[in-house]
Amino acid sequence: MKKKKLVLVGNGMAGVRCIEELLKIDPDTFEITIFGREPYPNYNRILLSTVLQGDTSINDITINEMEWYEQNNIQLYTGETVVEIDKVRKQVYTDKDRQVEYDELILATGSLPFMLPLPGADKEGVTAFRDIQDCQTMIESAQHYNKAVVIGGGLLGLEAARGLLNLGMEVDVVHICDYLMERQLDPTASKMLQKNLEAQGMNFLLNKQTDEITGSDRVEGLLFKDGSKVEADLVVMAVGIRPNVQLAKNNGIHVNRGIVVNDYMQTDSPNIYAVGECAEHREIVYGLVAPLYEQGKILAEKICGVESKKYEGSVVSTQLKVSGVDVFSAGDFLDSNDTNSIKVYDDFEGVYKKVVIRDDKVIGAVLFGDIGEGPKLLNMIHDRTDISDLSKVTILQDSGDESSKSAVITMDNSEVICGCNGVTKGEICGAIVENGLTTVDQVKDNTNASRSCGGCKPLVQDLLEYTLGDEFDQSEIKEAVCGCTTLSREEVIEEIKSKNLKFVKEIMNVLGWKNEEGCSKCRPALNYYLGMLYPSDYDDEEESRFVNERLHANIQNDGTYSVVPRMYGGVTNANDLRKIADVADKYDVPMIKLTGGQRIDLLGIKKEDLPKVWADLDMPSGYAYGKALRTVKTCVGSQFCRFGTQDSTQLGMDLEKKFERLNTPHKVKMSVSACPRNCAESGIKDVGVVGVDGGFEIYVGGNGGTHLRAGDLLCTVEKEEEVIETTAAFLQYYRETAKYLERTSKWVERIGLENVREVLFDEENKIRLVARIEETLAHTKDPWKKIVKNKEKQEKLFQNLETQASGRV
Ligand SMILES: Cc1cc2nc3c(=O)[nH]c(=O)nc-3n(C[C@H](O)[C@H](O)[C@H](O)COP(=O)(O)OP(=O)(O)OC[C@H]3O[C@@H](n4cnc5c(N)ncnc54)[C@H](O)[C@@H]3O)c2cc1C
Ligand code: SF4
């Protein structure tokens with residue numbers, strides 16, 4: 001039978017989801033062609049903020065790999081725009097002079113970011129935040145410039161601002177209203193959010209209207225209507241989106257704000273449909289994926305000719321994807337004359353919850369700080385649940401007791417767990433039982449739950465635990481190493497050991513990596529795992545390392561590098577200082593700065609000068625660039641301080657000499673204070689030692705960075721040698737069990753302090769861990785010295801290497 005020709009314009013989230021639904025119903029009837037203006041396969045636009053925030057790479061957010069199109073016989077044209085539709089001949093034309101016939105045509109052209117028509121908006125350094133190209137622009141700008149201004153204090157603006165902070169930029173957020181996210185939050189929640197984000201380093205300019213973007217070719221600042229100004233090297237406009245309707249409009253398809261569709265997503269033109277952000281249904285244009293996916297399913301059913309329910313509109317909810325901030329909002333959350341609300345405000349814990357009720361029905365909710373009840377409330381709003389029989393307080397009652405540990409347990413099977421993909425608790429539990437699923441990834445592949453924004457992953461995890469009961473194995477909590485494989489870190493390490501794999505490429509080949517070159521997430525991780533497993537005979541693969549580690553220096557925003565020589569325990573001498581001063585003169589070092597870890601940082605060194613600088617310094621590398629032991633900070637201690645009971649400086653130097661050059665899953669910072677006054681800040685280090693009467697307290701898992709965390713007291717020991725031995729066992733246990741790029745703070749939280757104690761306090765275990773770290777330490781060599789002696793390496797690394805834009809592998 002001759003296949004029907006189906007053409008999709010727009011290779012984005014809504015259109016491709018519709019095709020997935022259609023293939024599920026009827027994989028054989030259609031010959032499918034997809035056009036996408038962007039040069040990529042379909043990717044998860046929602047997760048662009050995680051790319052910008054540095055948590056994932058572009059590969060990780062691809063939803064449908066190229067193979068998916070091939071396997072489903074879909075003809076995909078990327079980087080190609082449909083410019084005309086001939087409704088009479090039933091053909092589309094592209095900007096590459098291609099013409100393709102259709103029997104059915106779906107328009108899924110999404111939205112365009114709204115750019116304020118300000119004078120200067122066309123200057124270099126002004127960007128939107130909508131696609132991969134915009135992320136790249138921001139990442140590249142952060143390499144060379146320092147000051148970013150985001151216009152728009154809504155969801156997207158704040159996610160962009162967080163990403164720019166992670167990229168090391170100073171960020172001002174300009175917002176026209178006097179409080180943030182006013183479309184999703186009430187003033188109380190908004191002010192709490194602002195406080196939290198300010199603590200993260202964002203600066204807010206509220207009640208400001210931009211009048212002009214100033215500068216010559218490139219942006220230099222913003223001028224506001226009230227006459228005030230702000231400097232900017234990069235301006236991100238996140239002020240809203242407009243449905244992308246031009247193609248439809250130009251070709252006589254009825255357009256209002258969006259492309260007007262009926263309850264089956266049909267436009268006014270025969271055989272032409274619209275779905276996603278470009279479509280307007282009952283006067284509403286949606287900008288979140290949950291409704292778009294509902295539309296896609298209904299459209300797929302319609303095109304396949306199966307009985308379909310009508311699309312009747314959606315209730316939407318929002319979650320902000322900024323690390324460290326939990327915000328949820330749904331429905332009508334503002335009070336009015338005919339509503340009442342229940343509010344909980346806990347200033348100590350930073351928690352605020354508000355539920356708005358009209359005629360005994362929950363119509364809206366805002367949660368800040370604890371969003372556990374989000375899905376339950378969304379379901380109540382969606383189902384218009386009558387709450388007249390419920391005591392109002394129970395709606396927001398914290399389900400703290402053991403029998404109802406998680407909100408999911410009390411939910412009905414019909415209640416939705418994954419808001420983006422509309423997957424219910426019943427569907428997830430059914431799939432777990434029927435298909436023997438044990439991991440979140442398997443549930444994602446099987447049901448789509450947690451496939452989009454990922455906000456429901458903890459709930460899916462809870463459901464696995466709840467459904468499998470005693471059979472649930474915590475160790476089964478599986479997270480793939482990256483998008484190139486479905487294998488978890490533990491599985492990969494098991495395979496490396498059992499198959500005796502010795503090279504990064506070999507692991508990828510043997511374990512069937514989807515992307516044969518790997519990605520920036522897995523390559524450094526595999527290189528680290530191999531080095532950890534084979535300390536004596538693994539040849540480190542430099543090309544798999546992040547660029548800073550390859551060059552043994554930190555790249556700075558102007559393309560120069562910083563050099564930090566080792567100074568054990570933060571102690572220096574006149575000879576070293578003289579050498580540093582000579583080097584600074586000889587290489588015109590523009591800035592010499594003391595670091596937070598008590599070291600001297602020479603900033604602004606040219607890449608080609610690095611080996612010469614190291615040779616002249618003739619000091620060990622301070623590893624300020626590495627996933628390794630950075631510094632051991634010390635206080636003055638008993639040598640000079642009148643409070644000091646211990647020689648903290650000597651112990652710090654001993655610790656640093658012992659563990660320098662040790663590769664670890666992430667950077668490790670240590671410190672030693674000689675009394676509980678704690679001048680070396682031992683409470684916020686990966687390993688922090690505090691001198692007390694008769695011995696030392698050892699704290700672990702502390703962090704003074706973005707995810708501030710006080711260390712946990714691991715144990716108290718009497719002697720310096722015990723401090724070194726316990727630290728050795730702790731570091732080796734961390735090296736062997738942490739995921740790559742997991743700081744000790746996260747690792748201790750994940751595996752539990754009790755677990756760490758059990759392992760370390762078992763004398764035999766401890767001895768074995770110490771023996772393994774000793775073997776590793778016996779094979780470390782100073783990288784600067786190695787390069788200084790090796791001309792070939794100098795040429796390869798410092799004359800030819802092109803550092804990549806993101807500063808990563
Ligand atoms: C940074 C960011 C964060 C977000 N976070 C969330 C979130 O947390 N939760 C949520 O639900 N939603 C979120 N969204 C919104 C969500 O991503 C969108 O609702 C969704 O991507 C819209 O899907 P779509 O297919 O309609 O449009 P798109 O995904 O934009 O796809 C449309 C595609 O069509 C292409 N195209 C347009 N015209 C043509 C043409 N003539 N020829 C060929 N190709 C064409 C475009 O280039 C584009 O690739 C976020 C969006 C962004 C940008
Ligand atoms: S921590 Fe105690 S011993 Fe060390 S410098 Fe401070 S006061 Fe002195």
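All values derive from a computational prediction rather than experimental measurement.

A. Region of the structure containing the overall build of the chain. In terms of regular secondary structure, the chain is built from 26 helices and 36 strands. Here the C-alpha radius of gyration of the chain, 29 Å, is about what a compact globule of 809 residues would show, namely 28 Å. For the chain, the C-alpha atoms occupy an extent of roughly 85 × 65 × 60 Å along the three principal directions. In the chain, buried positions account for 54% of the 809 residues. With an accessible surface of roughly 36300 Å², the chain has 46% of that area assigned to carbon and sulfur atoms.

B. Structural detail: the packing of aromatic side chains. Using the criterion set out here, one finds 12 aromatic pairs in the structure. With a centroid separation of 5.2 Å and an interplanar angle of 15 degrees, the aromatic rings of Phe35 and Tyr77 are classed as stacked. Taken together, the positions of Phe35 in strand 2 (residues 30–36) and Tyr77 in strand 3 (residues 75–78) put the pair 42 residues apart, joining distant regions of the chain. Grouping residues by exposure puts Phe35 and Tyr77 together as buried. Of the aromatic side chains, those joined through ring pairs into one cluster are Phe730, Tyr733, Tyr734 and Trp747. The ring of Tyr534 carries Lys502 above its face, with NZ or CZ at 4.6 Å from the centroid. Against the face of Tyr568 rests Lys657, its NZ or CZ located 4.9 Å from the ring centre.

C. Quick peek at a negative patch on the surface. A contiguous patch of negative charge on the surface is contributed by Asp359, Asp360, Asp386 and Asp389. Inspection of the secondary structure puts Asp389 in the loop between helix 9 (374–383) and helix 10 (392–395).

D. Here's a closer look at the packing of helix 21 (residues 720–737) against helix 24 (residues 763–777). Closest axis-to-axis distance for the helix 21/helix 24 pair is 8 Å, and the angle between their directions is 80 degrees. Taken together, the axes of helix 21 and helix 24 are roughly perpendicular relative to one another. Contact with helix 21, carried on its side by Glu725, Ala728, Ala729, Leu731, Gln732, Tyr733, Arg735 and Glu736, involves Lys766, Leu769, Val770, Arg772, Ile773 and Thr776 of helix 24 and no other residues of that element. Grouping the amino acids of the contact of helix 21 with helix 24 by side-chain chemistry returns 7 nonpolar, 2 polar and 5 charged.

E. Region of the structure containing the pattern of salt bridges. For the coordinates displayed, the defined rule picks out 43 salt bridges. One salt bridge connects Arg489 with Glu490, and the closest N-O pair in it is separated by 3.4 Å. On the basis of relative accessible area, Arg489 is assigned to the buried category, the value being 6%. Since its relative accessible area comes to 38%, Glu490 is described here as partly exposed. Look at the salt bridges and you will find they share partners, linking Arg566, Arg599, Glu656, Glu660 and Arg661 into a network.

F. Local environment of the nonpolar core. Core analysis: the largest hydrophobic core is formed by 67 residues, its most contacted members being Leu158, Leu164, Leu193, Leu320, Ile417 and Ile428. Looking at this core element by element, the count peaks at 6 residues for helix 5 (residues 155–166). In this view, Leu193 contacts Leu158, Met181, Leu185, Leu320, Val325, Val327 and Phe368; residues no more than four positions away in its chain are not counted. The next biggest cluster of nonpolar side chains, apart from the first, holds 50 residues, and it includes Val100, Leu247, Leu299 and Tyr311.

G. Here's a closer look at the packing of helix 11 (residues 425–435) against helix 12 (residues 440–447). The interhelical angle for the contact between helix 11 and helix 12, taken along N-to-C directions, is 105 degrees, at an axis separation of 10 Å. The angle between helix 11 and helix 12 places the two elements in the roughly perpendicular class. On the side of helix 11, the interface is formed by Glu427, Ile428, Ala431, Ile432 and Asn435, while helix 12 contributes Val443, Asn446 and Thr447.

H. Molecular detail of the confidence of the model for the chain. Here the chain averages 89 in pLDDT, while 94% of its residues score no lower than 70. Confidence over residues 398–405 falls short of pLDDT 50; this stretch has 7 contacts with residues more than four positions distant or in other chains. Note on residues 800–809: pLDDT is under 50 here. Beyond four places in sequence and across chains, it has 32 contacts.

I. Quick peek at the environment of Ala615. Mapped onto the elements of the fold, Ala615 is located in helix 19 (residues 610–617). Owing to a relative accessible area of 37%, Ala615 belongs among the partly exposed residues under this scheme. Expressed as a C-alpha distance, the spacing of Ala615 and Gly369, which sit 246 residues apart in the sequence, is 52 Å.

J. A look at helix 9. Counting buried positions along helix 9 gives 8 out of 10 residues, so the element sits mostly inside the fold. Listed as buried for helix 9 are Gly374, Pro375, Lys376, Leu377, Leu378, Asn379, Met380 and Ile381.

K. Region of interest: unusual backbone geometry. Positioned with a positive phi, Arg384 is a non-glycine residue whose angle comes to about 50 degrees. Relative to the helices and strands, Arg384 is located in the loop between helix 9 and helix 10. Of the residues examined, Arg384 reaches a relative accessible area of 58% and is grouped as exposed. Positive phi is not limited to glycine here, since His552 has a value of about 55 degrees. Inspection of the secondary structure assignment puts His552 in the loop between helix 17 (547–551) and strand 28 (554–555).

L. Here's a closer look at the sheet that holds strand 1 (residues 4–9). Taken in spatial order, the 5 strands line up as 3-2-1-7-19 in an open sheet, and their pairing is parallel. Strands at the two margins of the open sheet, each flanked by one partner only, are strand 3 and strand 19 (272–274). When the angles between neighbouring strand axes are averaged without regard to direction, this sheet yields 15 degrees. Sheet topology note: the strand 2/strand 3 ladder contains 4 bridges and is parallel. Paired with Thr33 across the strands is Gln75, a residue of strand 3.

Thresholds applied
- Residues numbered from 1 in each chain as written.
- Chains lettered and ligands numbered in written order.
- Predicted model: local features only at pLDDT ≥ 70, side-chain atom pairs only at ≥ 80, totals over all residues.
- Heavy atoms only, no water.
- Helix = DSSP H or I, 4+ residues; strand = E, 2+ residues; numbered from the N terminus.
- Rg over C-alpha atoms; globule rule 2.2 N^0.38 Å.
- Buried < 20%, exposed > 50% of the residue type's maximum accessible area, 1.4 Å probe, protein only.
- Areas by Shrake-Rupley, 256 points an atom, 1.4 Å probe, with all protein chains shown as cover.
- Phe/Tyr/Trp six-rings, centres within 6.5 Å; stacked < 30°, edge-to-face > 60°.
- Lys NZ or Arg CZ within 6 Å of the ring centre and 35° of its normal.
- Patch = residues over 30% accessible without salt bridge, like charges linked within 9 Å, V, L, I, M, F, W, Y side chains within 5 Å.
- Salt bridge = Lys/Arg side-chain N within 4 Å of Asp/Glu carboxyl O.
- Lys, Arg positive; Asp, Glu negative; His and termini not counted.
- Charge placed at Lys NZ, Arg CZ, Asp CG, Glu CD.
- Axes fitted to C-alpha atoms, helices over the stretch in contact; angles between N-to-C directions.
- Parallel < 35°, antiparallel > 145°, perpendicular 65-115°, else oblique.
- Contact = heavy atoms within 4.5 Å.
- Nonpolar A, V, L, I, M, F, W, Y, C, P; charged D, E, K, R; others polar.
- Core = buried A, V, L, I, M, F, W, Y, C linked by side-chain atoms within 4.5 Å.
- pLDDT = per-residue confidence, 0-100.
- Pairing = 2+ DSSP bridges.

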